[in-house]
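# Observations on the model geometry
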Amino acid sequence: MYELFRSISKICSCYFPKYCKELAQQLGIGGWVKNTKKGTIVGKLQGTKAQLDHMINWLSTTGSPGCKIEKCDLTNWEYVARIAYTDFSIRF
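Conventions and cut-offs
Residues numbered from 1 in each chain as written. Predicted model: local features only at pLDDT ≥ 70, side-chain atom pairs only at ≥ 80, totals over all residues. Heavy atoms only, no water. Helix = DSSP H or I, 4+ residues; strand = E, 2+ residues; numbered from the N terminus. Buried < 20%, exposed > 50% of the residue type's maximum accessible area, 1.4 Å probe, protein only. Contact = heavy atoms within 4.5 Å. Areas by Shrake-Rupley, 256 points an atom, 1.4 Å probe, with all protein chains shown as cover. pLDDT = per-residue confidence, 0-100. Phe/Tyr/Trp six-rings, centres within 6.5 Å; stacked < 30°, edge-to-face > 60°. Lys NZ or Arg CZ within 6 Å of the ring centre and 35° of its normal. Salt bridge = Lys/Arg side-chain N within 4 Å of Asp/Glu carboxyl O. Expected span 1.5 Å × (residues − 1). Core = buried A, V, L, I, M, F, W, Y, C linked by side-chain atoms within 4.5 Å. Axes fitted to C-alpha atoms, helices over the stretch in contact; angles between N-to-C directions. Parallel < 35°, antiparallel > 145°, perpendicular 65-115°, else oblique. Left-handed = near helix turned anticlockwise from the far one by under 90°. Nonpolar A, V, L, I, M, F, W, Y, C, P; charged D, E, K, R; others polar.

Right, let's talk about the overall build of the protein chain for a bit. Across its full length, the protein chain carries two helices and five strands. Reading the secondary structure of the protein chain in the N-to-C direction produces β-α-β-β-α-β-β. Here the protein chain, with 92 residues, has 37% of them falling under the buried criterion. In the protein chain, the share of contacts with a sequence separation of at least 24, taken over all contacts with a separation of at least 6, comes to 77%. Counting every atom, the protein chain has about 5500 Å² of accessible surface; 53% of that belongs to carbon and sulfur.

Here's what the structure looks like:
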C-alpha cells in the first residue's frame, strides 16, 4: 500500500470533495479530502499504486465538472505496510 498526501491548487466548484470521494470509493481508496480557506484542496490517499495512479490522473487532469485545475502537488509519498484509512471521507 502507498500513502500520499496531496495538495491541489484549483479554481473549482464547491462540489469537488464530493466527486473526489465518489471516485475514491469506486476505486477502493481510503483517506480524506477537504477544501482549505485558501481555495485549494488537500487530502490524504491510501491504496495500491494502480489505484493511486488512476486517482492522481483524475485529480491532475479531470477533476469535478466545471473545475479548472491550476496545479497539482504530490508530497510525502510513503510506503505503508498497513493502511490507516478503511474508508474515504470529506473533512470540514
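Next comes the rest of the description.
Averaged over every residue, the pLDDT of the protein chain is 84; the share at 70 or more is 85%. At the level of individual helices and strands, the protein chain shows its lowest average pLDDT in strand S1 (residues 2-11), which scores 59, and its highest in strand S5 (residues 88-90), which scores 97.

Under the defined criterion, the tally for this structure stands at one aromatic pair. Geometry around tyrosine 19 places lysine 18 over its ring, the cationic atom sitting 4.4 Å from the centre.

Turning next to the pattern of salt bridges. Under the definition given, this model contains three salt bridges. One salt bridge connects glutamate 22 with lysine 18, and the closest N-O pair in it is separated by 3.0 Å. Here the residue glutamate 22 and the residue lysine 18 both occupy positions in helix H1 (residues 16-27), the gap between them amounting to four residues, near one helical turn. For glutamate 22, a relative accessible area of 35% gives the class partly exposed.

The end-to-end C-alpha separation of helix H2 (residues 49-62) is 19 Å, in line with the 20 Å expected for 14 residues at 1.5 Å each. Directly beyond the C-terminal end of H2, a positive phi value near 70° is found at glycine 63.

Another aspect to go through is the nonpolar core. Judged by nonpolar contacts, the single largest core of 15 residues is most densely connected at Cys20 and Met55. Only H1, strand S3 (40-47) and H2 provide two or more residues apiece to this core. Per-element accounting of this core gives the leading share, five residues, to H2. Apart from the residues lying within four places of it in its own chain, the contact partners of methionine 55 are Cys20, Leu23, Ala24, Leu27, Ile29 and Leu45.

Below, the discussion takes up the packing of H1 against H2. For the pair H1 and H2, the least separation of the axes is 10 Å and the interaxial angle reads 160°. By the angle between their axes, H1 is roughly antiparallel relative to H2. Judged by the sense of rotation from one axis to the other, the crossing of H1 with H2 is right-handed. Together, Phe16, Tyr19, Cys20, Leu23, Ala24 and Leu27 of H1 and Gln51, His54, Met55, Trp58 and Leu59 of H2 make up the contact between the two elements. Considered class by class, the residues forming the contact of H1 with H2 number nine nonpolar, two polar and no charged.

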